[in-house]
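Below, each chain spelled out in residue letters.
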Amino acid sequence: MAALKYAGLEDTDSEEELPPGWEERTTRDGWVYYANHLEEKTQWEHPKSGKRKRVAGGLPYGWEQETDENGQVYFVDHINKRTTYLDPRLAFTVEDNPVKPTTRQKYDGNSTAMEILQGRDLSGKVVIITGANSGIGFETAKSLALHGAHVILACRNTSRGNDAVQRILVEWHKAKVEAMTLDLASLQSVQHFAEAFRSKNLPLHILICNAAVFGAPWCLTEDDLESTFQVNHLGHFYLVQLLEDVLRQSSPARVVVVSSESHRFTEIKDSSGKLDFSLLSPSKKDYWAMLAYNRSKLCNILFSNELNRRLSSHGVTSNSVHPGNMIYSSIHRNWWVYTLLFTLARPFTKSM
């Protein structure tokens with residue numbers, strides 16, 4: 001009882017009445033959370049009942065939801081010409097009764113990014129996504145932006161990047177999205193991107209290394225490296241190194257590296273078991289597009305594992321992810337053979 005008295009939880013008879021210093025708020029998605037102004041913290045559970053709640057229904061007629069410069073949601077009553085941080089829907093909340101987990105996964109092949117982020121408030125989070133103007137990168141960028149994050153689309157083609165930004169703004173005009181130029185086939189471009197991002201004086205909470213080429217013909221980059229290896233791995237490796245201190249300062253932060261299950265079908269060691277650098281950036285006569293892709297994806301995983309080992313103690317985690325075998329995107333665009341195979345498989349694939 002002494003602990004309850006200290007927390008102010010015994011001051012009222014109703015379990016739904018908030019203790020002194022607490023405030024009830026809502027996320028943009030309508031989930032209720034509670035702010036403790038005395039301890040400057042927030043939580044999803046009611047401080048007395050321990051229940052989770054969400055609002056029922058939409059905003060009343062004449063009301064509009066906005067977000068201030070600090071990412072805080074507020075509400076405008078256009079009829080009575082007033083604003084408030086109190087969600088008018090809080091008078092109509094329902095209890096969220098989480099279902100006990102079963103052996104079945106919570107998400108499956110039919111889940112969308114928007115469904116996975118349901119109820120998440122990412123206001124104040126800054127995210128960089130490479131290759132975000134199309135495919136998985138775009139869907140990730142859109143979903144994070146629509147949940148309040150400040151998302152930077154790092155794209156090789158500035159025009160396509162700006163078009164992607166506009167597509168997101170059409171869905172929510174208050175979304176914090178912008179495009180910046182990043183060509184992973186140029187280490188100088190990677191350096192310029194990192195410098196431009198630093199000049200914004202922003203934190204960095206999530207860095208998603210998504211961009212990749214697949215089935216590309218052999219060619220050397222301006223840095224005299226085979227393009228698949230540089231775009232898929234080395235460019236991202238360099239980008240993370242340049243922004244590592246920003247990630248540390250923004251902790252908790254995370255790096256997500258989009259790899260592939262195909263990393264299992266290759267090797268980067270020679271017959272004596274040592275790393276064979278000639279396999280990473282092969283000459284034209286030793287080049288096979290599929291093998292080059294697989295090797296770059298293996299490098300992704302090895303890099304992510306080592307990055308997590310080095311930075312996790314500093315509040316920065318790193319994970320590699322396999323996006324799925326049955327997803328139809330534009331990654332096959334470099335060679336007509338792969339385009340044909342992807343087209344034949346499309347009825348059995350998951351679309352964006």
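Within every chain, residues take consecutive numbers counted from 1 along the sequence as written. Under the rules for a predicted model, residues below a pLDDT of 70 receive no local features and side-chain atom pairs below 80 are neither given nor counted, while totals for whole chains, interfaces and linings still include all residues. Side-chain numbers come from the whole structure's heavy atoms, not from hydrogens or water.

Looking up the chain in an unreviewed UniProt entry gives the name WW domain-containing oxidoreductase, with the organism given as Columbina picui. UniProt positions are given in the numbering used here, feature names are shortened, and annotations may be inferred rather than shown by experiment. What the UniProt record of the chain gives under Sequence similarities (unreviewed entry) is the line "Belongs to the short-chain dehydrogenases/reductases (SDR) family."

Let us look at the overall build of the chain. A count of helical and extended segments in the chain gives 9 helices and 14 strands. Relative accessibility thresholds used throughout: buried, under 20% of the residue-type maximum; exposed, over 50%; partly exposed, between the two (1.4 Å probe, protein chains only). The buried share of the chain, reckoned over its 352 residues, is 42%. Note on definitions: a residue-residue contact is assigned when non-hydrogen atoms from the two residues lie within 4.5 Å. Look at the contacts in the chain between residues 6 or more apart in sequence, and 64% of them connect residues 24 or more apart. Comment: elements are numbered from the N terminus, with helices defined as DSSP H or I runs of at least four residues and strands as E runs of at least two.

A helix is expected to span 1.5 Å for every residue after the first. In a regular helix each residue adds 1.5 Å, so 12 residues correspond to 16 Å; helix α3 (residues 135-146) covers 17 Å between its end C-alpha atoms and thus fits that length. Of all the 12 residues making up α3, 10 are buried; the element is thus mostly covered by neighbouring parts of the structure. Gly135, Gly137, Phe138, Glu139, Ala141, Lys142, Ser143, Leu144, Ala145 and Leu146 are the residues of α3 that are buried. Of the surrounding elements, those touching the buried residues of α3 are α2 (113-116), β9 (126-130), β10 (150-155), α4 (158-171), β11 (176-181) and β12 (206-209). Count one or two residues on from α3 and you reach Gly148, which has phi positive near 100°.

Two strands are said to pair when DSSP picks up at least two bridges between them. Taking strand neighbours across the sheet as the criterion, the 3 strands line up as β5-β6-β7 in an open arrangement whose pairing is antiparallel. Each edge of the open sheet carries a strand with a single partner, namely β5 (63-67) and β7 (82-84). Each neighbouring strand pair of the sheet contributes to a mean axis angle of 25°, computed without reference to strand direction. Across 5 bridges, β5 lies against strand β6 (residues 73-77) in antiparallel orientation. By the bridge assignment, Thr67 is partnered in β6 with Val73. Helix axes use the C-alpha atoms of the stretch in contact, all axes being lines fitted to C-alpha atoms, and the angles between their N-to-C directions lie in the range 0 to 180 degrees.

Turning our eyes to something else, we now look at the pattern of salt bridges. Salt bridge, as used here: a side-chain nitrogen of Lys or Arg that lies within 4 Å of a carboxyl oxygen of Asp or Glu. Throughout the structure, instances matching the rule amount to 15 salt bridges. Residue Lys142 pairs with Glu139 through a salt bridge whose shortest N-O separation is 3.5 Å. Note that Lys142 and Glu139 are positioned in helix α3 at a spacing of 3 residues, about one turn of the helix. Salt-bridge contacts for Lys142 lead to Glu171; the nearest nitrogen and oxygen are separated by 3.5 Å. Linking Lys142 in helix α3 with Glu171 in helix α4, this pair joins segments that are 29 residues apart in sequence. The network of salt bridges with shared partners includes Glu139, Lys142 and Glu171.

Take the buried residues of types Ala, Val, Leu, Ile, Met, Phe, Trp, Tyr and Cys, join any two whose side-chain atoms come within 4.5 Å, and each joined set is a nonpolar core. If you look at the biggest cluster of nonpolar residues, it comprises 30 residues, and the most contacted ones within it are Ile128, Phe193, Phe197, Leu204, Leu207, Leu243 and Val255. Looking at this core, the elements that each hand over two or more residues are β9, β10, α5 (187-198), β12, α6 (227-249), β13 (253-258) and α8 (289-311). Of the residues forming this core, the biggest block, 6 residues, is contributed by α6. Grouped together as the second largest cluster of nonpolar side chains are 23 residues, Ala149, Cys155, Val165 and Ile206 included.

So, on to the environment of Leu182. Turning to its location among the elements, Leu182 is positioned in the loop between β11 and α5. Look at Leu182 and you get buried, because its relative accessible area is 3%. Residues Leu182 and Arg156 lie 26 residues apart in sequence; the distance between their C-alpha atoms is 4.9 Å. Setting aside its immediate chain neighbours within four residues, Leu182 contacts Thr130, Ala154, Cys155, Arg156, Ser189, Val190, Phe193 and Leu239.

Now for the packing of aromatic side chains. Side-chain rings of Phe, Tyr and Trp, where Trp is taken by its six-membered ring, are said to pair if the distance between their centres is within 6.5 Å; with planes under 30 degrees apart they count as stacked, over 60 as edge-to-face, and otherwise as tilted. Scanning the entire structure with this criterion turns up 4 aromatic pairs. Here the aromatic rings of Tyr33 and Trp44 are separated by 6.1 Å at their centres, their planes lie at 70°, and the arrangement is edge-to-face. With a gap of 11 residues between them, Tyr33 in strand β2 (residues 32-36) and Trp44 in the loop between β3 (41-43) and β4 (52-55) connect regions that are remote in the sequence. Pairing Tyr74 with Tyr85 gives two aromatic rings, centres 5.8 Å apart and planes at 50°, and the pair type is tilted. Of this pair, Tyr74 sits in strand β6 while Tyr85 sits in the loop between β7 and β8 (93-96), and the two are 11 residues apart along the sequence. Tyr85 sits in the partly exposed class, given a relative accessible area of 42%. Definition used: whenever NZ (Lys) or CZ (Arg) falls within 6 Å of the ring centre and also within 35 degrees of the ring normal, the charge is taken to sit over that ring. The side chain of Arg167 reaches across the aromatic face of Phe138, ending 4.0 Å from its centre.

Take α4 next. Its 14 residues place the ends of α4 21 Å apart at the C-alpha level, agreeing with the 20 Å of an ideal helix rising 1.5 Å per residue. Those residues of α4 that sit buried are Gly161, Ala164, Val165 and Ile168. Relative to the axis of α4, the buried residues are bounded by an arc of 100° and lie together on one face. Buried positions along α4 lie against α3, β10 and β11. By definition, the arc is the one covered by directions from the helix axis to the C-beta atoms.

Here, UniProt's "domain: WW" (unreviewed entry) annotation points to residues 16-49 and 57-90. Taken end to end, residues 16-49 is 0% helix and 38% strand, and its first and last C-alpha atoms sit 7 Å apart.

Moving on, we come to the packing of α3 against α4. Two measures define how a pair of helices packs: the angle their axes make with one another and the distance between the axes. At a closest axis distance of 10 Å, the pairing of α3 and α4 adopts a crossing angle of 40°. Relative to α4, α3 is oriented oblique. Like other packed secondary-structure pairs, α3 and α4 cross with a definite hand, here right-handed. Contact with α3, carried on its side by Phe138, Ala141, Lys142, Ala145 and Leu146, involves Ala164, Arg167, Ile168 and Glu171 of α4 and no other residues of that element. Looking at side-chain class alone, the contact of α3 with α4 contains 6 nonpolar, no polar and 3 charged residues. If an angle is under 35 degrees, it is roughly parallel; if it is over 145, roughly antiparallel; if it lies from 65 to 115, roughly perpendicular; otherwise it is oblique. Rotating anticlockwise by less than a right angle from the far helix to the near helix defines a left-handed crossing, while the corresponding clockwise rotation defines a right-handed one. Residues are grouped as follows: Ala, Val, Leu, Ile, Met, Phe, Trp, Tyr, Cys and Pro are nonpolar; Asp, Glu, Lys and Arg are charged; every other residue, Gly included, is polar.

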